[in-house]
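An overview of the molecular structure
Okay, here's what each chain looks like letter by letter:
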Amino acid sequence: MAIDVEGYKIIMQKRLSPARYVHSVGVANTAAKLAGMNNLDIEKSYLAGLMHDYAREMSGTELLLLAQENNLITDHIEVIKPDLLHGTVGAFLLEQEGLITDQQILTAIRNHTTGHPEMDWLSKLIYIADYIEPERKFPGVDKLRTITYQDWNLGVLAGLNHTLTYLLQKAAFIHPYSLMARNRMLEEIGIKDCN
Ligand SMILES: [Fe+2]
Ligand SMILES: [Fe+2]
């Protein structure tokens, strides 16, 4: 039997803390709003947003074990920082448990944590909706929102730039997909390199 939106909400409410559940609904609403503004599929965007953090509260040990057992690792950094696997593992579990069959939604969930060099519209939309949903509070989020609501592709690029800048400032690991995604967005949007 097909699950309706209320059914999906109940599933997430059971899996997540109240704050993370509110975040998930915020991402769903933001994704749906952006989809509506840009003539994209609103229902698909809402569902992908709602379910994107399905594996967010699994421990690093659990994520890593499941990813290793099922050959889901794409880069060694995921072994060092297993929380990065929550998108990949979430998509894997949602498919395995028969909760979501739509491959585009599963791919967007898989891609949301690091970005991906081959992001389609839904992957990009969930990536940026996750970043700017109303509960997000970090320096620069309002600017990111303004850019995204003016031109959502520019918002995706700005989000990726923000991530890379933040990680460099912290001297933290950077997943190669984030860098590749950022370069691909730069190419797609056609912004000329300054050099
Ligand atoms: Fe996430
Ligand atoms: Fe999230």
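About the criteria used
Residues numbered from 1 in each chain as written. Chains lettered and ligands numbered in written order. Predicted model: local features only at pLDDT ≥ 70, side-chain atom pairs only at ≥ 80, totals over all residues. Heavy atoms only, no water. Helix = DSSP H or I, 4+ residues; strand = E, 2+ residues; numbered from the N terminus. Contact = heavy atoms within 4.5 Å. Donors = N, O, S within 2.8 Å, 3.2 Å for Na, K, Ca; no water. Tetrahedral: all angles 85-135°; square planar, octahedral: opposite > 155°, others 65-115°. Core = buried A, V, L, I, M, F, W, Y, C linked by side-chain atoms within 4.5 Å. Buried < 20%, exposed > 50% of the residue type's maximum accessible area, 1.4 Å probe, protein only. Salt bridge = Lys/Arg side-chain N within 4 Å of Asp/Glu carboxyl O.

Let's shift gears to the side chain of S45. Within the element layout of this structure, S45 appears in helix α3 (residues 42-51). Contacts of S45, omitting those with residues within four sequence positions, involve A31, A32, A35, W121, L122, L125 and I126.

What follows is about the coordination of the iron ion (ligand 2). With distances of 2.2 to 2.3 Å, the protein atoms coordinating the iron ion (ligand 2) are H23 (NE2), H52 (NE2), D53 (OD) and D130 (OD). For the iron ion (ligand 2), the 4 donor atoms are set out with angles of 80 to 171 degrees between them, so the coordination reads as irregular. Coordination of the iron ion (ligand 2) draws on donor residues from a single chain, spaced H-x28-H-D-x76-D in sequence. Separating the iron ion (ligand 2) from the iron ion (ligand 1) is a gap of 3.4 Å, which D53 spans by donating to each of them.

A separate point is the nonpolar core. Core analysis: the largest hydrophobic core is formed by 53 residues, its most contacted members being L50, M51, V89, L94, I100 and V156. For M51, the contacting residues outside a window of four places in its chain are Y8, I11, M12, L94, I100 and I109.

As a further point, take the pattern of salt bridges. All told, the structure shown has 8 salt bridges when counted by the stated rule. Here K44 ties to D102 by a salt bridge, and the two come within 3.3 Å at their closest N and O atoms. Note that K44 is positioned in helix α3 and D102 in the loop between α6 (86-96) and α7 (103-111), a separation of 58 residues in sequence. Among the ionic pairs, K124 bridges to E188, the shortest N-O distance being 2.8 Å. With K124 in helix α8 (residues 121-132) and E188 in helix α11 (residues 176-189), the pair connects residues that are 64 residues apart, well separated along the chain. Overlapping salt bridges, with partners in common, bring together E118, R184 and E187 in one network.

The coordination sphere of the iron ion (ligand 1) contains the protein donors D53 (OD), H86 (NE2) and H112 (NE2), at a distance range of 2.1 Å. Here the donor residues of the iron ion (ligand 1) are spaced in sequence according to D-x32-H-x25-H.

We now examine the environment of Y131. Inspection of the secondary structure puts Y131 in helix α8. Spatially, the C-alpha atoms of Y131 and H112 are 9.8 Å apart, while their sequence positions differ by 19 residues. Not counting chain neighbours up to four residues away, the residues in contact with Y131 comprise R136, F138, V141, L144, G159, H162 and T163.

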